[in-house]
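Below, each chain spelled out in residue letters.
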There are 2 protein chains.
Amino acid sequence: MAKPKAPMDHRYLDGVALKKKIISDVKAYADGFTSLPRLVSILIGDVPEAAVYVRNQARGAEQAGLPFEQVNWAGDITQEECKARILEMNDDPSVLGVILQRPVPAHINVRTLQSAIHPLKDVEGMNPASIGNIVYSDVALAPCTAAASVALIKETGLDLEGLEVVMIGHSEIVGKPAAMMLMAEGCTVTVCHHMTRSVPMHSRRADVVVVAVGKAHLVGPDMIKPGAAVIDIGINQIEVDGVTKIVGDVDTDAVLDVAGWITPVPGGVGPVTVAILMRNAKVAHERQIAAGWL
Amino acid sequence: MAKPKAPMDHRYLDGVALKKKIISDVKAYADGFTSLPRLVSILIGDVPEAAVYVRNQARGAEQAGLPFEQVNWAGDITQEECKARILEMNDDPSVLGVILQRPVPAHINVRTLQSAIHPLKDVEGMNPASIGNIVYSDVALAPCTAAASVALIKETGLDLEGLEVVMIGHSEIVGKPAAMMLMAEGCTVTVCHHMTRSVPMHSRRADVVVVAVGKAHLVGPDMIKPGAAVIDIGINQIEVDGVTKIVGDVDTDAVLDVAGWITPVPGGVGPVTVAILMRNAKVAHERQIAAGWL
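All of these numbers come straight from a predicted model, not from anything done at the bench.

This part takes up the pairing of strand β9 (residues 243–247) of chain B. All names here are of chain B. By the bridge criterion, five bridges tie strand β8 (residues 236–240) to β9 in an arrangement that is antiparallel. Bridging across to β9, glutamine 237 finds its partner in isoleucine 246. From the end of β8 to the start of β9, which pair antiparallel, there are two residues, and aspartate 241 there has a positive phi angle of about 50°.

See the structure below:
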């Protein structure tokens, strides 16, 4: 309590800095080619909430030197037509990777479409085969947010072997794949969720707490062991004094007093997620070359 | 300590009884068809240690009313030839499912072959796409041993929602998929392994401990919370007074004093694993019909 609050910035895990580092690696790779196939981002129907993601991805691709095309499909397109177009992209050597923006209209089965994207073009790492590869400790093409949280944990400099990690949230896109990736790194991982009897019992013993639930201020300082690292994957809109604010799942200001490291929201997991998408694109390119596709 | 040891059999989770129940369900399904495609079990090279597995599977298939064919490929067969033959089986409507016995010769890449088995014929649930489906909570075609441990936990009658499960061992075939399956059932799961700082710290707080390491007597009574269920997946050969004995990873006699339920070895997970293979074959058959293959 008596600790001075002023020079506390070193506790923040800076997602923007890590993004720059990852993107510049991809850029160095991309600069070695005179031409590259393009990333195709697919938006189905009118999805204003996806606009900010698409913009960030387009900017990330530009910074990484990767061609990026945004395509919009009509909201009343059939599942069959979506699938046919994706299969065409699988066969098209000018397409490096396919990004399927969510949400999709209610009549579209997003998982079937994700399964239709060839694993070598699955830059989002959402195909069940890509997820299965993670279980086999082949983590090269992992879901971007899960991979971003692992990359940020590595930024602490902590030795991941034997590290006690508690994941709060067991979603298919973040919690479960991130748990598998952390196991592959040697962490001891516990996955908590809404059915867990006592989340604090677990989180208070953890060296690293990863939170991906989507509930503002879910995690307070009483849930964190002093000195632990806290990775906040939540993105929530709240009103503070009539002003809309973006916050994570962690009560960041309060947890900062006990945590050894914490990711800010915004500026933490978000930017790194975009960078990982570009890193996945690089991996996809390498694998397509290795497979004789390019 | 003063408890009488005599009528303790009710603490055993009887794998043979559960096997019979599952197999009879499959048999009832199989009896509804005048003819069925066959399971093909592939042995590559001379693998005497696989003989007992193959025999148990053949007997399980017979009990379940499923045709079973054992094929032996020469030990010097090439990877390409193996793959070509598996792809042929994928296209052959008279083949219901493909079982790839392990170990395989050193020059054969088993994962590539598992990936070549079509997910609808992957009765062992080893294709990365099948494993990925588990992460997406689609557990219908899961690795047999992992699914067997879940089925045995259900036999305790415990409510799986919120149950604290500690998995010891993070293998790709058992530990990780079983963890995912248990999460899908609502359990809070911790996965421990050889890098975990203190396995007893975790196992002593667990309602259910699942052990899949392959080390005789690894788990003693000091690691188990009184009343907990213990699922022993290990199969180890040891010498006792000059006699070879099969034991699990748990010191069963000693743990019986504290555990609420325990699987014996042999007679626990083993028989259920064979039964799950037959249940997977039934699911594969249903899915092949649904896909218009049959």
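So much for the structure itself; the text now carries on.
This paragraph deals with the interface of chain A and chain B. Facing the 38 residues of chain A at the interface are 38 residues of chain B. Summing both sides of the interface, chain A and chain B together bury roughly 3,300 Å²; the carbon and sulfur share of this comes to 57%. For the pair chain A and chain B, the number of links is two salt bridges. With a closest N to O distance of 3.0 Å, A:Arg197 and B:Asp207 form a salt bridge. Counting across the chain A and chain B interface gives 21 residue pairs in polar contact (both at pLDDT 80 or more). Going through the elements one at a time, α4 (110–116), α5 (128–135), α7 (175–184), β5 (188–192) and α8 (199–203) of chain A are the ones with two or more residues in the side of chain A that touches chain B. Among the elements that make up the side of chain A that touches chain B, the one with the highest residue count is α5(A) (seven residues). For the side of chain A that touches chain B, a count of residues per class yields 17 nonpolar, 12 polar and nine charged.

Taken as rigid bodies, chain A and chain B are interconverted by a rotation of 180° and an axial shift of 0.0 Å, the fit giving an RMSD of 0.0 Å. The superposition of one copy onto the other is thereby described by a two-fold rotation axis. By residue overlap, the copies meet face to face through one surface: 100% of the interface positions of chain A are interface positions in chain B.

Reading the values: rules and limits
Residues take numbers from 1 onward in each chain, read along the sequence in its written order. Starting at A for chains and at 1 for ligands, labels are handed out in the order in which the entities are written. Residue-level local features of this predicted model are given only where pLDDT is at least 70; pairs of side-chain atoms are given and counted only at 80 or more, and the full residue set underlies all totals for whole chains, interfaces and linings. Hydrogens and water molecules were not included; the side-chain quantities draw on all heavy atoms of the structure. Strands were regarded as paired on the criterion that DSSP finds at least two bridges between them. For the purposes of this entry, the term helix denotes a DSSP run of H or I that reaches at least four residues, the term strand denotes a run of E that reaches at least two, and both are numbered from the N terminus. Here a residue-residue contact requires only that any non-hydrogen atoms of the pair lie within 4.5 Å. Reported buried area values correspond to the accessible surface (1.4 Å probe) lost by two parts on association, with both partners' losses combined. We define a salt bridge as a contact between a side-chain nitrogen of Lys or Arg and a carboxyl oxygen of Asp or Glu at a distance within 4 Å. For this analysis, a polar contact is any N or O atom pair within 3.5 Å, provided that within protein one partner can donate a hydrogen and the other can accept it, and provided that sequence-adjacent residues contribute only side-chain to side-chain pairs. Gly counts as polar in this scheme, as do all residues outside two lists: the nonpolar Ala, Val, Leu, Ile, Met, Phe, Trp, Tyr, Cys and Pro, and the charged Asp, Glu, Lys and Arg. When the copies are superposed, the least-squares fit takes in the C-alpha atoms of residues with a pLDDT of at least 70 in both.

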